[in-house]
Amino acid sequence: MRHTALHAVHQRLGAAMTGFAGWSMPLRYGSDIGEHHTVRKGAGLFDLGHMGQIEVTGREAAAFLDHALVGRLSKVAVGRAKYTMLCHTTGGVLDDLVVYRLGEDRFLVVANASNAAVVRAMLGEHSGGYTVTITDVNRSLIAVQGPEAVGVVGAHPDLRYYGIKAERLAGRDVLLARTGYTGEDGFEIYCANEDAEAVWEWAAGNGAVPCGLACRDTLRLEAGMPLYGHELTLHTTPFHAGLGRVVALDKPDFVGAAALRTAEPGHLLAGLVTSGRRSPRAGHAILDPATGDRIGEVTSGAPSPTLGHPIAMAYLPADRVTPGTRVLVDIRGTREEAEVVALPFYRRQG
């Protein structure tokens, strides 16, 4: 197992650790539900040092990323970020990414921990003919998420959502971004590994509460945010997941363009709610109420701490994703009624 620069801090705090994508990460420090509510009502503190960080630099960096990724990165202003995807030539998703433009010819690509090696390899494979340098970055990443995040990090009126800037926090030089994966306002702090503990303690001293991966999953589920390996896979295109908006089909050429231009997904991602006590989970079958035939599959599901009832995301036939549609979920042999709802399940106020 690999350890982040904050591993010793998690041990001192008594975190329950778990293996994730080859990393030893904090699953929880106390209560999953308590940490979830902390992020919804206050400010949660997360170690994201396992995420992949890759810098792409050079005079053709923007043109290269336009070719390799589905979005138009050349249109991103310096100091701004874009959510995008790396797709296979078949149109299937290899990973979803956040890409920051740090300079005219300098980009930071942030990949999921489980796919970091794949993203690095595929970027290298697609870079032929472009004057670019692709470099893995060994740097810590700490997130502060929740309505009180501004009180922890400080007011930065010049930093809009999906922005990034160089800043000095806790007496250390950092990159401060206003992005996140919880459905709340918040910040992500990129810092040198040797500065990670000081930045963490500074944020905790300002009121941020340590939170683990368990609540991060229920937070993103409530916010309708996809998780690679669940909602996004090599067998799904961005259009399957309702994320066709991130694909710049009008670009002259990019990896996966031919497949994506002709994509006609038969199944689409939808939200489900149930009134029973048992929650749908990934892999549970979705059944037609009239025939009992299997028509889809749950990709993620859990009891919603915020809403007080089970929620799930699932792939359903395109003609069954209208809100109000009724389906059945096979939960370990018991058929539970479920209703299709629009995503996200939760949207923050303000």
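Small disclaimer: the values here were computed from a predicted structure and weren't measured. (Residues numbered from 1 in each chain as written. Predicted model: local features only at pLDDT ≥ 70, side-chain atom pairs only at ≥ 80, totals over all residues. Heavy atoms only, no water.)

Looking at the UniProt feature "domain: Aminomethyltransferase C-terminal" (unreviewed entry) in the protein
Okay, step 1: In the numbering adopted here, UniProt assigns the feature "domain: Aminomethyltransferase C-terminal" (unreviewed entry) to residues 269–346.
Okay, step 2: The distance separating the terminal C-alpha atoms of residues 269–346 is 16 Å; by composition the span is 0% helix and 53% strand. (UniProt positions renumbered as here; feature names shortened; annotations may be inferred. Helix = DSSP H or I, 4+ residues; strand = E, 2+ residues; numbered from the N terminus.)

With respect to the sheet that holds strand β3 (residues 23–28)
Okay, step 1: Here 3 strands make up an open sheet; going across it, the order is β1-β3-β2 and the pairing mixed. The sheet terminates laterally at β1 (2–3) and β2 (16–20), the two strands that pair on one side only.
Okay, step 2: Sheet analysis places β2 next to β3, joined by 5 bridges and oriented antiparallel. Bridge pairing in β3 links G19 to S24. (Pairing = 2+ DSSP bridges.)

As for the environment of E167
Okay, step 1: Residue position: E167 is located in strand β11 (residues 164–169).
Okay, step 2: Ignoring sequence-local partners within four residues, the contact set of E167 consists of H156, R172, D173, V174 and L176.
Okay, step 3: Within polar-contact distance, the side chain of E167 engages the side chain of H156 at 3.5 Å. (Contact = heavy atoms within 4.5 Å. Polar contact = N/O pair within 3.5 Å; in protein donor to acceptor, adjacent residues only side chain to side chain.)

So, the pattern of salt bridges
Okay, step 1: Using the criterion set out here, one finds 21 salt bridges in the structure.
Okay, step 2: Here R120 makes a salt bridge to D136, at a shortest N to O gap of 3.6 Å. One end of the pair, R120, is in helix α4 (residues 116–126); the other, D136, is in strand β9 (residues 133–136), and 16 residues separate them in sequence.
Okay, step 3: You can call R120 partly exposed: its relative accessible area is 25%.
Okay, step 4: When the shortest N-O distance is used, the salt bridge between K165 and D158 registers 3.0 Å. (Salt bridge = Lys/Arg side-chain N within 4 Å of Asp/Glu carboxyl O. Buried < 20%, exposed > 50% of the residue type's maximum accessible area, 1.4 Å probe, protein only.)

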